[in-house]
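Survey of secondary and tertiary structure
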Number of protein chains: 2
Amino acid sequence: MPDMPPLGDTGLAFVRHDHSHCAKDTLARADALSNARGARMTPVRRRTLEILLESHKAMGAYDVLERLVADGFGNQPPVAYRALEFLVEQGLAHRIRRLNAFAACMHPGEAHVPVFLICTSCQLVAEAPADDVRGAMDAAAASIGFVIERTNVEAVGRCPACRGNRACR
Amino acid sequence: MPDMPPLGDTGLAFVRHDHSHCAKDTLARADALSNARGARMTPVRRRTLEILLESHKAMGAYDVLERLVADGFGNQPPVAYRALEFLVEQGLAHRIRRLNAFAACMHPGEAHVPVFLICTSCQLVAEAPADDVRGAMDAAAASIGFVIERTNVEAVGRCPACRGNRACR
DNA sequence: GTTGACTTGTTATGCTATAACATACGATAT
DNA sequence: ATATCGTATGTTATAGCATAACAAGTCAAC
Ligand SMILES: [Zn+2]
Ligand SMILES: [Zn+2]
Ligand SMILES: [Zn+2]
Ligand SMILES: [Zn+2]
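First things first, this report covers the structure right here in the doc.

Analysis parameters
- In this convention, every chain numbers its residues from 1, walking through the sequence in written order.
- Each chain is given a letter, starting from A, and each ligand a number, starting from 1, according to the order in which they appear as written.
- With pLDDT at 70 or above as the cut-off, local features in this predicted model cover only qualifying residues; side-chain atom pairs require 80 or more to be listed or tallied, and sums for whole chains, interfaces and linings still use all residues.
- Heavy atoms throughout the structure, all of them, feed into the side-chain values; hydrogens and water do not.
- Here a helix means four or more residues in a row that DSSP labels H or I, a strand means two or more in a row labelled E, and each is numbered from the N terminus.
- Throughout this description, a polar contact denotes any pair of N or O atoms lying within 3.5 Å of each other; where both atoms belong to protein, one of them has to be capable of donating a hydrogen while the other can accept it, and for residues adjacent in sequence the pair is counted only when both atoms sit in side chains.
- Throughout, a residue-residue contact means that at least one pair of heavy atoms, one from each residue, lies within 4.5 Å.
- The cut-offs for exposure are 20% and 50% of the maximum accessible area for each residue type, with area from a 1.4 Å probe on protein chains only; residues under the lower value are buried, those over the upper are exposed, and the others partly exposed.
- Residues are labelled near a given molecule or strand when at least one of their non-hydrogen atoms is within 4 Å of it.
- Under the convention adopted here, Pro, Cys and the residues Ala, Val, Leu, Ile, Met, Phe, Trp and Tyr are nonpolar, Asp, Glu, Lys and Arg are charged, and Gly plus all remaining residues are polar.
- For Na, K and Ca the donor cutoff is 3.2 Å, while for all other metals N, O and S atoms count as donors only within 2.8 Å; water does not appear among the atoms, so some sites may look incomplete.
- Angle rules define the geometry names used: all angles between 85 and 135 degrees makes four donors tetrahedral, while opposite donors over 155 degrees apart and all other angles between 65 and 115 make four donors square planar and six octahedral, leaving every other case irregular.
- By definition, the buried area sums, over both parts, the 1.4 Å-probe accessible area that each loses when the two are put together.
- What makes a salt bridge here is a side-chain nitrogen of Lys or Arg within 4 Å of a carboxyl oxygen of Asp or Glu, nothing more.

**Here we look at the side chain of Asn152 of chain B**
Relative to the helices and strands, Asn152 of chain B resides in strand β5 (residues 147-158). Within the structure, the side chain of Asn152 of chain B is placed 2.6 Å from the side chain of Arg98 of chain A, a separation counted as a polar contact. Ignoring anything within four residues of it in the chain, the contact list for Asn152 of chain B reads Arg98, Asn152, Val153 and Glu154 of chain A together with Arg95 and Arg97 of chain B.

**Comments concerning helix α2 (residues 43-53) of chain A**
Burial in α2 of chain A covers these residues: Arg47, Thr48, Leu49, Ile51, Leu52 and Leu53 of chain A. The elements touched by buried residues of α2 of chain A are α1 (19-37), α3 (61-70), α4 (77-89), β1 (93-96) and β2 (101-104) of chain A.

**A word on the protein's contact with DNA strand D**
Lining the immediate surroundings of DNA strand D are 16 residues, of which Thr42, Gln76 and Arg82 of chain A together with Tyr62 and Arg95 of chain B lie closest. Here a phosphate oxygen of DNA strand D and a side-chain polar atom of Thr42 of chain A are 2.6 Å apart. With respect to DNA strand D, the side chain of Tyr81 of chain B contributes an N or O atom lying 3.1 Å from a phosphate oxygen. With four residues, the top contributor of residues to the surface near DNA strand D is helix α4 (residues 77-89) of chain B. Tallied by class, the residues present in the surface near DNA strand D amount to seven nonpolar, four polar and five charged.

**Describing the protein's contact with DNA strand C**
Neighbouring residues of DNA strand C: 16 residues in total, closest Tyr62 and Arg95 of chain A together with Thr42, Gln76 and Arg82 of chain B. When atoms of DNA strand C within 4 Å of the protein are split into backbone and base, the sugar-phosphate part holds 44%. The side chain of Tyr81 of chain A places a nitrogen or oxygen atom 3.0 Å from a phosphate oxygen of DNA strand C. One nitrogen or oxygen atom from the side chain of Arg45 of chain B is found 3.3 Å from a sugar or linking oxygen belonging to DNA strand C. A per-element tally of the surface near DNA strand C places α4 of chain A first, with four residues. When grouped by side-chain class, the residues that make up the surface near DNA strand C number seven nonpolar, four polar and five charged.

**A closer look at the coordination of the zinc ion (ligand 4)**
Tetrahedral coordination by four donors sets the ideal angle at the metal to 109.5 degrees; octahedral coordination by six donors sets it to 90 or 180 degrees. All names here are of chain B. Taken together, His94 (NE2), Cys105 (SG), His112 (NE2) and Glu127 (OE) make up the protein donors of the zinc ion (ligand 4), found 1.9 to 2.3 Å from the metal. For the zinc ion (ligand 4), the four donor atoms are set out with angles of 92 to 130° between them, so the coordination reads as tetrahedral. Each donor residue of the zinc ion (ligand 4) belongs to the same chain, with the gaps between them written as H-x10-C-x6-H-x14-E. Within this pair, whereas His94 is found in strand β1 (residues 93-96), its partner Glu127 is found in strand β4 (residues 125-129), the two being separated by 33 residues in sequence.

**Some points on the interface of chain A and chain B**
Put simply, an interface is often sized by how much accessible area is lost when its parts join up. In this assembly, 37 residues from chain A lie in contact with 37 residues from chain B. Carbon and sulfur atoms make up 61% of the area that chain A and chain B hide from each other, which totals about 3,100 Å². Counting the surface chain A buries against chain B, the share from its top three residues, Arg98, Ile144 and Phe146 of chain A, is 21%. Put simply, chain A and chain B have zero salt bridges between them. Our count for the contact surface shared by chain A and chain B stands at 12 residue pairs in polar contact (both at pLDDT 80 or more). Secondary structure elements with two or more residues in the side of chain A that touches chain B: β3 (114-119), β4 (125-129), α5 (131-142), β5 (147-158) and α6 (160-164) of chain A.

Spelled out as structure tokens, the structure:
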């Protein structure tokens, strides 16, 4: 694969790339990770992850549900919410609170602080590497004796492609 | 005021302090700011800010609404949402997405990147100063050509008081 | 006093999320 | 084998969050 970005594939979402390979690879890593942990990657859960991996956009639970229904799974909200909850717990997906939506994790198994860059034009969501963001937050918190357990760090703005295009996609 | 924290009152929410003074002062600054800008601080809007300022907790729109109703304002959701929207636009309140709730800004008029520390035990929310958090985010974004417009940075964890108490408050 | 911009009230609806219970499945132990 | 137990899924019902759209009131400028 000659014109793929290097392994530090930050912001891959905003770069033209072989997404089918990208998705397949991430799914494989997720499977391996689940196996190694003894977590049960059941059909609904795996299908839910596949659906999230179809694009670098975030999906609402009800959108995921629609897709699951089409595949013959139960058609009530808990079906989607439970599968998504499992994926989030396993670090295979992230919840994007700003969008009330979920996105597949592009770095499953790698220790990383998810920082999301959300393009307001094309709706793509990239997971940026920002370990120093977490460092800065820990420092600020520590200065007042607060101990951080979990974080949500999200930013909306415009991706390189959309800033280039007048009309955007 | 001898035992008040110094002006860099970060994490004030987690420190015992003269909150009535804290609230009155913040409200006064908000009023001044609105005046200076020609923004219309109408009765509902001002009352909404007062309600948010009653504590350092975040409040859901429907909780705010209940209070507004008790004061004789309209009792439909848009009444609360519109007032809250105004306050957020004017930088007098912040939306805490993780909680689907709103909190008064404790630094109105000061340029600041809101970083919220949310205690899972006592529900208090502090606005920490973390300009280097924004710096780190901008750097990460810039490295892939993304331009950040707005951010949500939130952390849940435990505040100093709650870590000290076995049973918490 | 009429116009026009803005604010508030009100109706109605849509979207997001979870509690609670029933059923099915799969592994383990007797 | 079959009883048992934990886990996963299906299903019903409801709770919680948010906004569109229109009507009615307010206020200042012309
Ligand atoms: Zn991809
Ligand atoms: Zn991730
Ligand atoms: Zn205070
Ligand atoms: Zn603030």
